[in-house]
Amino acid sequence: MAGPQQHPPYLHLAELTASQFLEIWKHFDADGNGYIEGKELENFFQELEKARKGSGMMSKSDNFGEKMKEFMQKYDKNADGKIEMAELAQILPTEENFLLCFRQHVGSSAEFMEAWRKYDTDRSGYIEANELKGFLSDLLKKANRPYDEPKLQEYTQTILRMFDLNGDGKLGLSEMSRLLPVQENFLLKFQGMKLTSEEFNAIFAFYDKDGSGYIDENELDALLKDLYEKNKKEMNIQQLTNYRKSVMSLAEAGKLYRKDLEIVLCSEPPL
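Residues numbered from 1 in each chain as written. Predicted model: local features only at pLDDT ≥ 70, side-chain atom pairs only at ≥ 80, totals over all residues. Heavy atoms only, no water.

The name recorded for the protein chain in an unreviewed UniProt entry is Calretinin, from Ceratotherium simum simum. The protein chain has a UniProt comment under Sequence similarities (unreviewed entry) that states "Belongs to the calbindin family." (UniProt positions renumbered as here; feature names shortened; annotations may be inferred.)

Encoded structure:
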């Protein structure tokens, strides 16, 4: 077996298969947090430069810091100083860019949540591995992307390996939402504001004044505003409207039940 110093595979290739892309991703996202950042990013950039030099692609500047800055301006679309999976997919063109295919179809987080609702039938906050295939198949059909059974199988396996990091055969909503365009990913915005079960129960009880077990759109509006103020986060009206719409995609006939909201706001999806 090669030691840890082994060069990451495939960086010199013009096109990657989904599986090769994933190997590169896992190699550099060493802490598995869904981003390549800090030291990981430096390592990635150095290796990419080496691979490009090897294939005769020289860059104009020799200053590492300058080149790195230029590189980030080009690829770090949301300017957060990290490279996420979809941004990497722009840098390393995959043979069939299933991540981008996904994103082109999922125009909004509301659409994504509607699809999620269809497959997360037991409201667990997870899609089972055997439901993932149907989920992807639907999205590919809607995107008018022809695919065959082996290809669908490969996509399914790749996404499972990407997002089912603990290997339990389940995919969490917050992980799968990484397939959304960054600006649409309202779930990431809640990342630092996740609630414990106790906090969630208290908040839900406060807004569900009549104890009906659900809240409506106006109550959700107030709840989201409170949550943002409590966490001292800025939110404009447009964002609030979009988030509300996305969360309400999980509702049934305008009623957002406790379990639906729990999926979005709790640090651990309900058991």
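A. Representation of the overall build of the protein chain within the structure. Within the protein chain one finds 14 helices and six strands. Counting only residues that meet the buried cut, the protein chain has 46% of its 271 residues in that class. At a minimum sequence separation of 6, the contacts of the protein chain that also span at least 24 residues come to 61%. Accessible area of the protein chain: about 14,100 Å², with a carbon and sulfur share of 50%. (Helix = DSSP H or I, 4+ residues; strand = E, 2+ residues; numbered from the N terminus. Buried < 20%, exposed > 50% of the residue type's maximum accessible area, 1.4 Å probe, protein only. Contact = heavy atoms within 4.5 Å. Areas by Shrake-Rupley, 256 points an atom, 1.4 Å probe, with all protein chains shown as cover.)

B. The nonpolar core, seen in detail. Counting 70 residues, the largest nonpolar core has F44, L92, M176 and L261 as its most contacted members. Here this core gets six residues from one element, more than from any other, and that element is helix α8 (residues 149-163). Apart from the residues within four sequence positions on either side, F44 is in contact with L11, I24, F28, I36, F71, L88, I91 and L92. (Core = buried A, V, L, I, M, F, W, Y, C linked by side-chain atoms within 4.5 Å.)

C. Representation of helix α6 (residues 109-119). Where burial is concerned, most of α6 is hidden: eight out of the 11 residues are buried. Buried within α6 are the following residues: S109, A110, F112, M113, A115, W116, R117 and Y119.

D. Examining the UniProt feature "domain: EF-hand" (unreviewed entry) in the protein chain more closely. Taking the UniProt record as the reference, the feature "domain: EF-hand" (unreviewed entry) is found at residues 16-51, 63-98, 107-142, 151-186 and 195-230. Summarising residues 195-230: 69% helix, 6% strand, and an end-to-end C-alpha distance of 12 Å.

E. Up close: the side chain of R244. Among the structural elements, R244 can be located in helix α13 (residues 237-248). The class of R244 is buried, set by a relative accessible area of 16%. For R244, the side chain forms a polar contact with the side chain of E217, separated by 3.2 Å. With sequence-adjacent residues up to four places away left out, R244 is seen in contact with E217, L220, D221 and L224. (Polar contact = N/O pair within 3.5 Å; in protein donor to acceptor, adjacent residues only side chain to side chain.)

F. How the structure looks around the packing of aromatic side chains. A full pass over the atoms with the stated rule returns 10 aromatic pairs. Their ring planes at 85° and their centres at 5.7 Å tell us that Y119 and F135 sit as a pair that is edge-to-face. Here Y119 is found in helix α6, whereas its partner F135 is found in helix α7 (residues 129-142), with 16 residues between them in sequence. Taken as a pair, Y119 and F135 share a single burial class, namely buried. Here the aromatic cluster, defined as three or more aromatic residues joined through ring pairs, consists of F28, F44, F45, F71 and Y75. (Phe/Tyr/Trp six-rings, centres within 6.5 Å; stacked < 30°, edge-to-face > 60°.)

G. How the structure looks around the confidence of the model for the protein chain. A residue-level look at the protein chain finds 80% of positions with pLDDT of 70 or above and a mean pLDDT of 78. Element-level mean pLDDT values for the protein chain span from 63 in helix α5 (residues 98-105) up to 92 in strand β5 (residues 214-215). Low pLDDT (under 50) marks residues 1-5, which in the prediction has zero contacts with non-local residues, meaning those over four places away or in another chain. (pLDDT = per-residue confidence, 0-100.)

H. Representation of unusual backbone geometry in the model. Non-glycine residue R123 carries a positive phi angle of around 55°. Take R123: its relative accessible area is 14%, and that puts it in the buried class.

I. Quick look at the pattern of salt bridges. Counted under the stated rule, the structure contains 10 salt bridges. Here D221 makes a salt bridge to R244, at a shortest N to O gap of 2.9 Å. Residue D221 is found in helix α12 (residues 217-230), and its partner R244 is found in helix α13; the two are separated by 23 residues along the sequence. In this pair, the class of D221 matches that of R244, namely buried. (Salt bridge = Lys/Arg side-chain N within 4 Å of Asp/Glu carboxyl O.)

J. Region of the structure containing the packing of α12 against α13. α13 packs onto α12 with a crossing angle of 125° between their chain directions and a minimal axis gap of 10 Å. The orientation of α12 relative to α13 falls into the category oblique. As α12 runs across α13, the sense of the crossing is right-handed. Judged by residue contacts, E217, L220, D221, L224, K225 and Y228 of α12 engage L240, Y243, R244, V247 and M248 from α13. For the contact of α12 with α13, a count of residues per class yields seven nonpolar, no polar and four charged. (Axes fitted to C-alpha atoms, helices over the stretch in contact; angles between N-to-C directions. Parallel < 35°, antiparallel > 145°, perpendicular 65-115°, else oblique. Left-handed = near helix turned anticlockwise from the far one by under 90°. Nonpolar A, V, L, I, M, F, W, Y, C, P; charged D, E, K, R; others polar.)

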